[in-house]
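# Descriptive structure summary
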Amino acid sequence: MNDCCATKNMPEQGRKLACPGCGRAGLPVSEKTLLHHLKQPWLWQGGQGYFGCEAVDCELNYFSADGTVIRTDALRSKPGLKSRQADAPICYCFGLSRADAADPDARAFVIKQTRLGNCACEARHPYGRCCLKDFPKPP
Ligand SMILES: [Zn+2]
């Protein structure tokens, strides 16, 4: 599946950094993405060089190479990837839960809208990437 968007703006593409909370590799996240997810972005120092931790059992959500960490509870809402619940949000552009995303019609709708460029993953997805990557695999 092709990436829909955002990747052209991704900083430090291809780089990974181990999360200081859980040790798993995190991918780079843009400043724009953080600004759209932090509860009080005006209090944040800002900056590039942030990575996202998607591990379900890790309470850190973003971290930077200089040791700054941002916990999941500093976000406006808990990322769906940090939850195993069926009602956790998976597509942030069109409001699908994990259960919704298992519906082939809903999935087809998102693929179509993505191809049309109607998604907003860089801003709405907590890690700034295409929501379709997080969809449950079709049966
Ligand atoms: Zn982590």
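Residues numbered from 1 in each chain as written. Predicted model: local features only at pLDDT ≥ 70, side-chain atom pairs only at ≥ 80, totals over all residues. Heavy atoms only, no water.

Our focus in this paragraph is the overall build of the protein chain. Along the backbone of the protein chain there are four helices and seven strands. The buried share of the protein chain, reckoned over its 139 residues, is 45%. A fraction of 52% describes how many contacts in the protein chain between residues 6 or more apart in sequence connect residues 24 or more apart. Summed over its atoms, the accessible surface of the protein chain is roughly 7,700 Å², and 51% of this surface lies on carbon and sulfur atoms. (Helix = DSSP H or I, 4+ residues; strand = E, 2+ residues; numbered from the N terminus. Buried < 20%, exposed > 50% of the residue type's maximum accessible area, 1.4 Å probe, protein only. Contact = heavy atoms within 4.5 Å. Areas by Shrake-Rupley, 256 points an atom, 1.4 Å probe, with all protein chains shown as cover.)

Looking at the zinc ion, the protein donor atoms are Cys19 (SG), Cys22 (SG), Cys53 (SG) and Cys58 (SG), and they sit 2.2 to 2.4 Å from it. Coordination geometry of the zinc ion: the four donor atoms subtend angles of 101 to 114 degrees at the metal centre, consistent with an arrangement described as tetrahedral. Along the chain, the residues donating to the zinc ion are arranged with the sequence spacing C-x2-C-x30-C-x4-C. For cysteine 22, a relative accessible area of 28% puts it in the partly exposed group. (Donors = N, O, S within 2.8 Å, 3.2 Å for Na, K, Ca; no water. Tetrahedral: all angles 85-135°; square planar, octahedral: opposite > 155°, others 65-115°.)

Take the pattern of salt bridges next. Taken as a whole and assessed by the stated rule, the structure comprises five salt bridges. One salt bridge in this structure joins aspartate 57 and arginine 24, with 2.8 Å as the shortest N-O distance. Within this pair, whereas aspartate 57 is found in the loop between strand S3 (50–52) and strand S4 (60–64), its partner arginine 24 is found in the loop between strand S1 (17–18) and strand S2 (25–29), the two being separated by 33 residues in sequence. Note on aspartate 57: relative accessible area 61%, which makes it exposed. The partner of aspartate 73 in a salt bridge is arginine 71, with the nearest N and O atoms 3.7 Å apart. Each of the salt bridges in this network shares a partner with another, and the network as a whole consists of Glu54, Arg129 and Asp134. (Salt bridge = Lys/Arg side-chain N within 4 Å of Asp/Glu carboxyl O.)

Further remarks concern the side chain of glutamate 122. Along the chain, glutamate 122 falls in helix H4 (residues 121–124). Within the structure, the side chain of glutamate 122 is placed 3.1 Å from the side chain of serine 30, a separation counted as a polar contact. (Polar contact = N/O pair within 3.5 Å; in protein donor to acceptor, adjacent residues only side chain to side chain.)

Let us now look at the pairing of S4. Judged by how many residues are buried, S4 sits mostly within the fold: five of five residues are covered. Two strands pair when backbone bridges link them, and S3 and S4 are joined in this way by three bridges, in the antiparallel orientation. Its bridge partner being in S4, phenylalanine 51 is matched across the sheet by phenylalanine 63. Looking at chain direction, S4 and strand S5 (residues 69–71) are connected through three bridges and run antiparallel. Within the sheet, the bridge partner assigned to leucine 60 lies in S5 and is arginine 71. (Pairing = 2+ DSSP bridges.)

Bringing the packing of aromatic side chains into the picture now. Two measures describe an aromatic ring pair: the distance that separates the ring centres and the angle between the ring planes. All told, the structure shown has four aromatic pairs when counted by the stated rule. Judged by centre distance (6.3 Å) and plane angle (70 degrees), the rings of tyrosine 62 and tyrosine 127 are edge-to-face. Highlighted residues: tyrosine 62 in strand S4 and tyrosine 127 in the segment after H4, separated in sequence by 65 residues. (Phe/Tyr/Trp six-rings, centres within 6.5 Å; stacked < 30°, edge-to-face > 60°.)

Mapped onto the fold, glycine 26 is located in strand S2. A relative accessible area of 1% means that glycine 26 is categorised as buried. The spacing of glycine 26 and tyrosine 62 is 36 residues in sequence and 8.5 Å in space, taken between C-alpha atoms.

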